[in-house]
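# A structural walkthrough
Listed here are the chains, written in short residue letters.
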There are 6 protein chains.
Amino acid sequence: DFELALCEIQPKFGANNEELSAMYRNGIVHYGPAFEDISSTLRRLVEQTRTSERTPLMSVLLEGSAFTGKTAVAASTAVDSGFPFVRKISADEMIGFSEGSKCAHISKVFLDSYKSPLSLILIDDIERIIDYVQIGPRFSNTVLQTLLVLLKKDPPTEGHRLMVVATTSVPHLLEDLGGLIQAFNVSLHVPQLQSGDEIRRVLQELVPMSPADMDSIAAAITRPIGIKQLLMITEMARTDEETVSSDRFLECLHTCGY
Amino acid sequence: DFELALCEIQPKFGANNEELSAMYRNGIVHYGPAFEDISSTLRRLVEQTRTSERTPLMSVLLEGSAFTGKTAVAASTAVDSGFPFVRKISADEMIGFSEGSKCAHISKVFLDSYKSPLSLILIDDIERIIDYVQIGPRFSNTVLQTLLVLLKKDPPTEGHRLMVVATTSVPHLLEDLGGLIQAFNVSLHVPQLQSGDEIRRVLQELVPMSPADMDSIAAAITRPIGIKQLLMITEMARTDEETVSSDRFLECLHTCGY
Amino acid sequence: DFELALCEIQPKFGANNEELSAMYRNGIVHYGPAFEDISSTLRRLVEQTRTSERTPLMSVLLEGSAFTGKTAVAASTAVDSGFPFVRKISADEMIGFSEGSKCAHISKVFLDSYKSPLSLILIDDIERIIDYVQIGPRFSNTVLQTLLVLLKKDPPTEGHRLMVVATTSVPHLLEDLGGLIQAFNVSLHVPQLQSGDEIRRVLQELVPMSPADMDSIAAAITRPIGIKQLLMITEMARTDEETVSSDRFLECLHTCGY
Amino acid sequence: DFELALCEIQPKFGANNEELSAMYRNGIVHYGPAFEDISSTLRRLVEQTRTSERTPLMSVLLEGSAFTGKTAVAASTAVDSGFPFVRKISADEMIGFSEGSKCAHISKVFLDSYKSPLSLILIDDIERIIDYVQIGPRFSNTVLQTLLVLLKKDPPTEGHRLMVVATTSVPHLLEDLGGLIQAFNVSLHVPQLQSGDEIRRVLQELVPMSPADMDSIAAAITRPIGIKQLLMITEMARTDEETVSSDRFLECLHTCGY
Amino acid sequence: DFELALCEIQPKFGANNEELSAMYRNGIVHYGPAFEDISSTLRRLVEQTRTSERTPLMSVLLEGSAFTGKTAVAASTAVDSGFPFVRKISADEMIGFSEGSKCAHISKVFLDSYKSPLSLILIDDIERIIDYVQIGPRFSNTVLQTLLVLLKKDPPTEGHRLMVVATTSVPHLLEDLGGLIQAFNVSLHVPQLQSGDEIRRVLQELVPMSPADMDSIAAAITRPIGIKQLLMITEMARTDEETVSSDRFLECLHTCGY
Amino acid sequence: DFELALCEIQPKFGANNEELSAMYRNGIVHYGPAFEDISSTLRRLVEQTRTSERTPLMSVLLEGSAFTGKTAVAASTAVDSGFPFVRKISADEMIGFSEGSKCAHISKVFLDSYKSPLSLILIDDIERIIDYVQIGPRFSNTVLQTLLVLLKKDPPTEGHRLMVVATTSVPHLLEDLGGLIQAFNVSLHVPQLQSGDEIRRVLQELVPMSPADMDSIAAAITRPIGIKQLLMITEMARTDEETVSSDRFLECLHTCGY
Ligand SMILES: Nc1ncnc2c1ncn2[C@@H]1O[C@H](COP(=O)(O)OP(=O)(O)OP(=O)(O)O)[C@@H](O)[C@H]1O
Ligand SMILES: Nc1ncnc2c1ncn2[C@@H]1O[C@H](COP(=O)(O)OP(=O)(O)OP(=O)(O)O)[C@@H](O)[C@H]1O
Ligand SMILES: Nc1ncnc2c1ncn2[C@@H]1O[C@H](COP(=O)(O)OP(=O)(O)OP(=O)(O)O)[C@@H](O)[C@H]1O
Ligand SMILES: Nc1ncnc2c1ncn2[C@@H]1O[C@H](COP(=O)(O)OP(=O)(O)OP(=O)(O)O)[C@@H](O)[C@H]1O
Ligand SMILES: Nc1ncnc2c1ncn2[C@@H]1O[C@H](COP(=O)(O)OP(=O)(O)OP(=O)(O)O)[C@@H](O)[C@H]1O
Ligand SMILES: Nc1ncnc2c1ncn2[C@@H]1O[C@H](COP(=O)(O)OP(=O)(O)OP(=O)(O)O)[C@@H](O)[C@H]1O
Ligand SMILES: [Mg+2]
Ligand SMILES: [Mg+2]
Ligand SMILES: [Mg+2]
Ligand SMILES: [Mg+2]
Ligand SMILES: [Mg+2]
Ligand SMILES: [Mg+2]
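A brief structural summary.

Rules used throughout
Residues numbered from 1 in each chain as written. Chains lettered and ligands numbered in written order. Predicted model: local features only at pLDDT ≥ 70, side-chain atom pairs only at ≥ 80, totals over all residues. Heavy atoms only, no water. Least-squares fit on C-alpha atoms with pLDDT ≥ 70 in both. Contact = heavy atoms within 4.5 Å. Near = heavy atom within 4 Å. Polar contact = N/O pair within 3.5 Å; in protein donor to acceptor, adjacent residues only side chain to side chain. Areas by Shrake-Rupley, 256 points an atom, 1.4 Å probe, with all protein chains shown as cover. Helix = DSSP H or I, 4+ residues; strand = E, 2+ residues; numbered from the N terminus. Nonpolar A, V, L, I, M, F, W, Y, C, P; charged D, E, K, R; others polar. Domains from an automatic or database assignment. Buried < 20%, exposed > 50% of the residue type's maximum accessible area, 1.4 Å probe, protein only. Pairing = 2+ DSSP bridges. Axes fitted to C-alpha atoms, helices over the stretch in contact; angles between N-to-C directions. Buried area = accessible area lost by both parts, 1.4 Å probe. Salt bridge = Lys/Arg side-chain N within 4 Å of Asp/Glu carboxyl O. Expected span 1.5 Å × (residues − 1). Parallel < 35°, antiparallel > 145°, perpendicular 65-115°, else oblique. Left-handed = near helix turned anticlockwise from the far one by under 90°. Phe/Tyr/Trp six-rings, centres within 6.5 Å; stacked < 30°, edge-to-face > 60°. Lys NZ or Arg CZ within 6 Å of the ring centre and 35° of its normal. Right-handed = clockwise from strand over helix to strand, strands pointing away.

### What to know about the relation of the copies chain D and chain E
Laying chain D over chain E is done by rotating through 60° and shifting 0.0 Å along the axis; what remains is an RMSD of 0.0 Å. What the superposition gives is, in effect, a six-fold axis relating one chain to the other. Measuring from the rotation axis to each C-alpha of chain D, the shortest distance belongs to D:G136, at 8.6 Å. When you check the interface residues of chain D against chain E, a mere 4% turn up at the interface there too, and the two sides of the contact use different surfaces.

What follows is the structure, encoded as structure tokens:
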């Protein structure tokens with residue numbers, strides 16, 4: 001039945017660059033040292049995968065709270081790697097799949113990757129892949145076990161190399177499913193925007209705004225905020241006009257439960 | 001089997017304006033500032049969805065205790081939006097469905113919406129959709145995960161935009177299924193009627209009554225009450241006569257366990 | 001499969017007056033004010049359903065401890081309503097049904113009721129319908145959700161009206177499945193017999209007995225007792241003779257674990 | 001599938017007197033007042049069922065610790081009733097049955113009983129029928145619910161009467177499944193043998209033994225003991241000789257973990 | 001489906017003496033009074049089964065910690081009984097069986113035994129038969145219930161007699177599944193070797209060794225040890241030489257985590 | 001269905017020496033006394049299995065934290081044994097298998113092994129085989145029970161001998177599934193590298209490096225570290241250059257969350 005499942009599924013992989021680029025429509029703003037850290041580490045790990053003969057498998061987990069830009073960072077890493085085989089595994093392609101079909105789909109992507117000398121697999125929102133929900137907690141153990149096995153398995157072909165980049169925003173995963181976190185070679189924290197400086201840099205590049213407004217907005221945001229949430233609120237604030245007044249912005253901040 | 005399910009189901013969407021209007025048979029009374037707040041916020045969010053090119057997906061949750069008018073507010077928002085594609089997802093169309101068929105049905109509505117440049121999906125009583133019950137707690141994780149994924153997925157077609165308006169009256173959802181609440185961009189609280197003023201305004205528009213009776217009723221209602229419950233009790237009170245005496249009203253209030 | 005289930009089942013509804021009358025074989029004794037309260041409230045709610053155009057759906061729950069006469073009160077209300085469509089949903093017609101078939105059966109009764117301008121559905125022992133057992137607690141969530149949805153759904157045809165009268169003797173339902181209790185518009189408590197006066201009135205009408213014996217029996221029953229239990233013990237006591245001595249009665253009271 | 005199950009099963013009811021008598025091979029010793037109590041109460045309840053026109057359904061539960069003679073008492077009651085329809089429901093006829101088949105089998109016995117004007121159904125070890133085990137606790141809720149419904153349902157034919165006699169030795173049932181215990185009209189406690197007198201009477205009738213030995217045995221048994229256990233130990237003690245020495249008896253008492 | 005299961009399974013019973021003897025390859029050493037106790041009790045129970053007409057069913061549980069020789073004792077009892085029908089029920093013959101097939105297999109053995117006037121069934125490692133694991137705890141309730149029923153059922157043929165000898169090394173069973181332990185007529189504790197004397201007697205018969213070494217080994221074993229573990233460690237110690245030095249023995253004791 | 005499963009599966013055993021050698025690509029460094037201990041114990045146990053006629057079954061569990069080289073040690077033991085039948089059971093060959101198919105696959109390997117006079121089965125990551133996850137905890141009880149039975153079953157053919165070597169890195173298994181750990185005859189702890197000396201020896205053999213750098217690296221590693229993790233970090237550190245500076249090494253140590 002699994003064999004069958006493997007055959008029947010014709011996943012529309014198509015994770016070509018276009019589809020991946022769509023995952024960071026608003027570009028990647030180099031908003032400061034915190035971002036450069038992640039960015040350069042990821043570049044180095046890509047390099048290691050490409051060149052080291054003793055690293056057949058490199059797995060990286062990007063974890064951080066919601067709206068911090070994890071998906072964008074993972075997707076841009078994938079695009080920039082230039083690896084010949086790049087695939088995405090995400091939950092929306094598996095809606096309505098049985099546990100068995102999910103495992104089949106995931107295995108297929110990994111098996112395919114083994115054929116290429118250099119591959120990168122992006123697993124977005126790993127908590128959704130395993131149907132995780134905090135209470136219980138509940139999740140698909142079958143899918144979890146499949147991931148745990150695949151995340152430890154070297155490509156069987158001598159010399160072939162695979163990089164896995166996954167994202168998650170469920171801190172509880174860390175406690176509940178410790179084994180899943182440990183299955184990754186490297187785990188990087190994607191932070192929220194912390195300083196007014198970082199916020200200003202993001203607004204600067206993405207929203208036309210007077211420096212005064214920008215300053216009062218940055219001043220108003222006293223707690224860390226995710227970059228995606230900042231963009232969303234900005235958009236909500238400028239419904240009518242082209243620019244965004246800080247009053248209007250704070251109102252929207254409030255509406256969004258910040 | 002899921003594919004099959006997708007085909008076999010011929011949901012009678014028909015969420016045309018008539019069906020939606022039936023969800024607020026007693027009209028929408030502008031009972032005061034608390035209502036104007038929600039009302040204007042919703043109008044602005046509809047506007048943002050219509051105009052902002054950077055908001056492919058806008059999701060709003062209307063939460064509040066039972067009988068507060070959540071469904072009416074959501075339905076009138078949908079009708080007033082004037083969007084070309086408006087659909088309703090509600091539990092009574094899925095009685096007896098398997099989890100798989102429910103997911104298929106829900107996905108179908110979303111997939112259809114992606115084809116229209118401007119869409120609005122109303123999800124009424126989201127706790128019923130996921131078969132939630134407080135003890136355990138139990139719910140359909142399959143349906144929950146499907147919602148979690150769809151609530152985060154932008155319409156794949158460039159420029160197409162989707163607004164989702166959902167309602168719930170289970171405060172425990174907030175604790176138990178935090179992830180579901182967080183999946184919405186905006187979460188608005190629909191309040192009970194708080195002041196005698198609000199109660200009077202509602203009675204005024206809906207029930208012929210002497211000002212004295214109205215005052216003594218408003219005086220008797222010392223705790224907040226849902227607008228739907230107020231209407232129901234009024235109806236119970238005026239079985240025989242056309243008008244409603246305050247004595248009779250208080251009796252019915254008591255019978256209904258207020 | 002559900003559709004199929006809907007077709008295959010040929011429920012012997014037949015809840016005609018005879019079958020309903022059999023549910024109160026021993027008649028309805030007007031034993032005092034406590035009974036008149038329930039009785040008149042129910043009559044008024046029947047009237048509201050019949051006449052109010054703004055009450056498409058009226059749902060009433062009769063709750064009380066075991067043996068208090070809940071079923072008899074519900075059934076006599078149904079018979080006395082004189083509504084053109086009267087149906088009973090009870091667990092003994094669904095023994096061995098799968099959860100799906102139960103939901104199909106229940107839905108069918110409701111769907112049929114929608115066709116009649118005035119309908120009444122009696123749901124006896126709602127805890128049995130949902131397969132409730134206190135430990136766990138366990139119950140059929142599928143059937144529960146079906147009830148929760150149907151209990152909130154107005155008849156779709158304009159002007160058609162439906163009254164639902166349900167009974168339960170599980171106080172824990174109140175705590176465990178709060179949502180189910182809240183789903184009813186009105187919840188009435190059916191009490192045990194409290195005073196010697198009430199007990200005497202019941203015995204008077206149902207058992208030939210000397211006033212002295214009746215007094216000593218009434219005196220012996222110091223804690224509240226359900227009307228059905230009182231009748232059962234009386235029957236046990238008069239096996240041999242036509243009348244019932246108080247000694248014999250007390251012996252039987254003891255045997256029954258009172 | 002249930003309908004099917006109803007047809008396929010050809011239960012070898014055959015609970016004729018022979019089979020029932022085999023359940024008390026060692027006869028029924030009238031060992032004292034404690035036994036007469038149960039015995040006469042059961043006789044009276046049989047009489048009530050036979051004669052009272054207002055008792056269409058009489059259900060009795062015999063509960064007591066293991067080895068107290070519950071099955072023997074129930075079976076002799078059934079034989080002595082002389083009712084035209086007497087059936088036994090016991091777990092060993094349903095080994096390997098699915099939950100559905102069990103329900104079908106049980107329902108069949110009840111449905112058949114409704115056809116006879118006077119019926120008695122013996123349900124032996126009700127905890128085994130519902131697959132009860134204390135931890136969890138676990139049990140078959142489907143079978144439990146079936147029993148709960150059938151134990152409350154009057155024979156539909158006017159004037160037909162049914163007596164149900166069940167046994168159990170799981171005191172926890174009382175706490176865990178309170179509803180099951182309450183479903184019975186009468187619940188009788190079957191005691192262990194308490195006094196030396198009772199023990200002597202049992203030994204007297206069943207084992208040839210010197211009065212001295214009998215006295216020292218009775219003296220040695222300081223805690224209550226089930227009648228079945230007493231018989232078993234006696235049998236173990238007289239392997240070689242025809243009579244039983246008290247030394248040998250005490251040794252066996254010890255071996256059996258008394 | 002169960003009926004089917006009964007037919008399809010062709011269990012290779014073949015629990016002939018050879019197969020049973022293989023369960024105590026290293027013979028049975030009469031190592032002292034503790035062993036004689038168990039041994040003589042078992043002989044007496046076999047005798048009772050053979051001769052007593054009032055003991056249609058005799059069930060014995062051998063419980064003790066791991067490696068104490070439970071299986072050997074049970075198997076030698078079976079062989080020595082000389083009963084015409086001797087069968088073994090053990091988990092390794094049911095690997096991969098569904099719960100239903102297991103029940104079918106077990107029932108089959110019991111049903112077959114009923115045909116013989118004198119039968120003995122050996123149930124080895126009863127915890128494995130019911131798939132028991134301590135956490136949860138989890139086990140197959142279906143198989144457990146089947147055993148509970150069969151362990152209480154007399155052979156239906158008048159005069160036929162059945163002895164059941166089972167083993168277990170899970171003390172927790174006692175707490176978790178009390179009912180299973182109580183289902184046995186007799187429960188015997190199989191002890192570990194306690195004294196140097198017992199250890200010497202076992203070594204003497206099984207391993208060529210100098211008295212001095214034997215003494216120092218016996219002295220070194222300060223805590224009780226299972227007979228099977230003693231044999232295993234001895235075997236490990238004499239890999240190279242024919243005899244076993246005490247130094248080498250102690251080293252192996254340590255390796256085995258004693 | 002199990003029988004079927006047994007036939008359909010054509011496991012690509014092929015655990016020939018090449019495949020097994022691939023499990024220790026970086027060789028086996030004799031890094032000090034801690035390693036020699038395990039190494040010589042394993043050699044002795046292999047010898048016992050080969051020569052002792054009283055050890056038909058020898059089972060060894062290698063447990064230790066992640067990355068300590070358990071798999072490498074197990075695989076090299078298997079290769080060095082020179083046994084005619086050597087097989088590997090690992091989770092990645094059973095992805096997507098049902099519980100039944102897993103049991104069938106595992107049984108098949110054991111059944112095949114029984115045919116060879118001398119066999120060795122390597123079970124890698126036994127926690128993955130049973131789908132273990134710490135919360136709950138959850139695991140496949142069916143597979144666990146199969147292992148528990150097979151780990152206790154001697155090869156049925158007289159004189160045939162089987163050695164089982166398993167690995168695990170879940171310390172919780174010890175608490176949760178005590179029975180599984182106890183099922184092994186011997187349990188060996190595979191330690192992390194503890195001393196600077198051990199670390200130096202590993203680096204020496206595997207990475208060209210200046211003695212000074214080696215010293216500062218060894219000095220920097222203040223907590224124990226797994227040998228596999230040491231190799232991984234070294235590899236990460238030498239992406240660009242052929243040698244590894246201690247600065248770069250420490251940076252990588254940090255990235256990997258040491
Ligand atoms: N430096 C940056 N890092 C990440 N995202 C950036 C950066 N600069 C701009 N962006 C934009 O911010 C958005 C980040 O959204 P993204 O979906 O990656 O967040 P996320 O953390 O995955 O959110 P979620 O928790 O909902 O999955 C994208 O639109 C991206 O183009
Ligand atoms: N300002 C208002 N807001 C909401 N409802 C109003 C308002 N004015 C009048 N109504 C009427 O009040 C009723 C509200 O009922 P509605 O079903 O929306 O409540 P609800 O909160 O969804 O209840 P439930 O918790 O049972 O789902 C409708 O009949 C609607 O026509
Ligand atoms: N005023 C009364 N109210 C209710 N029942 C009455 C009254 N007078 C007489 N009776 C008789 O009392 C009996 C009540 O039994 P009924 O089955 O309704 O009790 P119940 O509360 O539904 O019991 P259960 O908890 O077992 O379901 C009926 O036989 C009915 O005829
Ligand atoms: N007065 C008596 N009451 C009950 N049993 C008696 C009496 N006198 C003799 N016996 C004999 O005692 C035995 C009682 O065994 P029985 O199987 O009824 O016990 P039980 O309580 O059902 O045991 P278990 O708890 O194992 O089901 C029977 O063999 C019966 O013939
Ligand atoms: N007196 C004895 N009692 C039991 N076993 C003995 C005795 N003398 C020698 N032996 C030998 O000791 C071994 C006992 O092993 P056995 O398999 O019976 O132990 P066990 O308690 O069943 O172990 P486990 O807990 O693993 O099931 C057998 O090889 C048996 O031949
Ligand atoms: N003495 C040694 N012992 C073990 N492994 C060694 C030794 N010397 C070198 N190695 C190398 O170290 C690596 C150990 O990796 P291995 O996969 O065995 O670790 P592991 O403990 O099984 O890890 P995991 O916990 O991820 O399963 C192998 O590449 C092996 O060649
Ligand atoms: Mg994301
Ligand atoms: Mg609503
Ligand atoms: Mg009732
Ligand atoms: Mg019994
Ligand atoms: Mg054993
Ligand atoms: Mg490993």
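### Section: the site of ligand 5
As a structural note, the neighbourhood of ligand 5 is formed by 21 residues, with E:G27, E:V29, E:K70, E:A72 and F:K152 the closest of them. One of the backbone N or O atoms of E:T68 is found 3.1 Å from an oxygen atom in ligand 5. E:G69 has a polar backbone atom sitting 2.7 Å from an oxygen atom of ligand 5. Protein contacts shield 94% of the accessible area of ligand 5, which totals 630 Å² for the unbound molecule. Of the residues forming the shell around ligand 5, the biggest block, four residues, is contributed by helix α4 (residues 70–81) of chain E. Along the lines of polarity and charge, the residues of the shell around ligand 5 split into 11 nonpolar, five polar and five charged. Three or more residues apiece are contributed to the shell around ligand 5 by two domains, here domain 1 (2–189) and domain 2 (196–255) of chain E.

### Overview of the environment of F:I199
Residue and element names in this part refer to chain F. Among the secondary structure elements, I199 is positioned in helix α10 (residues 196–206). The exposure class of I199 is buried, given its relative accessible area of 1%. Between the alpha carbons of I199 and I225 there is a distance of 8.8 Å; along the sequence they are 26 residues apart. Non-local contacts of I199, meaning those with residues more than four positions away in its chain, are made with L193, A218, I221, I225 and L230.

### Some words on the site of ligand 1
Taken together, 20 residues form the shell around ligand 1, and within it A:G27, A:V29, A:G69, A:K70 and A:A72 come nearest. The site occupied by ligand 1 is bordered by residues of chains A and B. Here A:G27 contributes a backbone N or O atom positioned 2.7 Å from an oxygen atom of ligand 1. A:K228 is positioned such that a nitrogen or oxygen atom in its side chain is 3.0 Å from an oxygen atom of ligand 1. For ligand 1, the accessible surface in isolation is 640 Å², of which the surrounding protein chains cover 94%. If you tally residues by element for the shell around ligand 1, the top one is helix α4 (residues 70–81) of chain A, at four residues. Considering only residue class, the shell around ligand 1 consists of 11 nonpolar, five polar and four charged. Two domains share the shell around ligand 1, each providing at least three of its residues, namely domain 1 (2–189) and domain 2 (196–255) of chain A.

### Observations concerning the sheet that holds strand β4 (residues 161–168) of chain E
All names here are of chain E. Taking strand neighbours across the sheet as the criterion, the five strands line up as β2-β3-β4-β1-β5 in an open arrangement whose pairing is parallel. Sheet topology places β2 (85–89) and β5 (186–189) at the edges, where each strand pairs with a single neighbour. In this sheet, neighbouring strand axes are inclined to one another by 15° on average, regardless of whether the strands run parallel or antiparallel. Relative to β4, helix α3 (residues 33–51) is tilted by about 155°, and along the sheet it contacts β1 (57–63), β3 (118–123), β4 and β5.

### Section: the interface of chain A and chain B
Counting residues at the interface gives 25 residues for chain A and 36 residues for chain B. Roughly 2500 Å² of surface becomes buried between chain A and chain B when both sides are summed, with 52% attributable to carbon and sulfur atoms. Along the contact surface separating chain A from chain B lie three salt bridges. A salt bridge links B:K152 to A:D125; the shortest N-O distance between them is 2.8 Å. Tallying contributions element by element places helix α12 (residues 227–237) of chain A first for the side of chain A that touches chain B, with four residues.

### Section: helix α5 (residues 99–114) of chain C
Residue and element names in this part refer to chain C. Taking 1.5 Å of rise per residue, 16 residues should cover 22 Å, and α5 covers 23 Å from first to last C-alpha, within 8% of that figure. Of all 16 residues that make up α5, 12 are buried, and the element is covered over most of its length. All of the buried residues in α5 are S101, K102, C103, A104, H105, I106, S107, V109, F110, D112, S113 and Y114.

### Remarks on the interface of chain D and chain E
Accessible area lost during the coming together of the parts is what is often quoted as the interface size. With 25 residues of chain D in contact, the opposing surface of chain E contributes 35 residues. Here chain D meets chain E over a buried area of about 2500 Å², counting both sides, of which 53% is carbon and sulfur. Residue E:R44 is joined to D:E251 by a salt bridge in which the shortest nitrogen-to-oxygen separation is 3.1 Å. At the level of secondary structure, the elements contributing two or more residues to the side of chain D that touches chain E comprise α12 (227–237) and α13 (246–255) of chain D. In terms of residue count, α12(D) provides more of the side of chain D that touches chain E than any other element does, four residues in total. Broken down by class, the residue content of the side of chain D that touches chain E amounts to 10 nonpolar, four polar and 11 charged.

### Considerations on the relation of the copies chain A and chain B
The transform that puts chain A on chain B rotates by 60° and translates by 0.1 Å along the axis, for an RMSD of 0.0 Å. In this assembly the copies use different faces: only 4% of the residues contributing to the interface of chain A also contribute to that of chain B.

### With respect to the sheet that holds strand β5 (residues 186–189) of chain C
Residue and element names in this part refer to chain C. One open sheet holds the five strands; their spatial order is β2-β3-β4-β1-β5, and the pairing between them is parallel. The open sheet terminates on both sides in strands that have one partner only, identified here as β2 (85–89) and β5. Within the sheet, the average angular offset between the axes of one strand and its neighbour, ignoring direction, is 15°. When strand β1 (residues 57–63) meets strand β4 (residues 161–168), the two strands line up parallel, connected through seven bridges. Bridging from a neighbouring strand, V60 pairs with V165 of β4.

### Comments concerning unusual backbone geometry
For the bond running from A:G136 to A:P137, omega is -10°, close enough to zero to count as cis. Considering the arrangement of structural elements, one finds A:P137 in the loop between α6 (126–129) and α7 (141–150). Of note in this structure, B:D125 is not a glycine but carries a positive phi near 50°. As for its placement among the helices and strands, B:D125 is situated in the loop between β3 (118–123) and α6 (126–129). At F:F67, a residue that is not glycine, the phi angle is positive and equals roughly 70°. Inspection of the secondary structure puts F:F67 in the loop between β1 (57–63) and α4 (70–81). Overall, the relative accessible area of 26% leaves F:F67 in the partly exposed class.

### Points about the environment of F:L193
All names here are of chain F. Structurally, L193 can be placed in the loop between β5 (186–189) and α10. Spatially, the C-alpha atoms of L193 and L230 are 9.0 Å apart, while their sequence positions differ by 37 residues. Excluding its chain neighbours within four sequence positions, the residues that come into contact with L193 are Y31, E198, I199, V202, P224, I225, I227 and L230.

### Section: the packing of helix α5 (residues 99–114) of chain B against helix α7 (residues 141–150) of chain B
Angle between the axes and distance between the axes: these two values describe a pair of packed helices. All names here are of chain B. Relative orientation of the contacting elements α5 and α7 amounts to 15°, with a least axis distance of 9 Å. On the basis of their axis angle, the class for α5 and α7 is roughly parallel. The interaxial crossing formed by α5 with α7 has right-handed handedness. Judged by residue contacts, E99, K102, C103, I106, S107, F110 and Y114 of α5 engage N141, T142, V143, T146, L147 and L150 from α7. Tallied by class, residues from the contact of α5 with α7 come to seven nonpolar, four polar and two charged.

### Examining the packing of aromatic side chains
Residues and elements named next belong to chain C. For the structure shown, the criterion picks out six aromatic pairs over all chains. Geometrically, the ring pair formed by Y31 and F35 is tilted, given 5.5 Å between the ring centres and 45° between the ring planes. The exposure classification of Y31 matches that of F35, with both residues buried. Sitting above the plane of the F85 ring, R87 keeps its charged end 4.3 Å from the centroid.

### Quick word on the pairing of β3(B)
Residue and element names in this part refer to chain B. Most of β3 sits inside the fold, with six of its six residues counted as buried. Residues L118, L120 and L122 line one face of β3 and the alternating positions S119, I121 and I123 line the opposite face, and both faces are buried. With α5 bridging strand β2 (residues 85–89) and its parallel neighbour β3, the resulting β-α-β unit is right-handed. The sheet contact formed by β3 and strand β4 (residues 161–168) spans six bridges and is parallel. If you follow I123 over to β4, its bridge partner there is A166.

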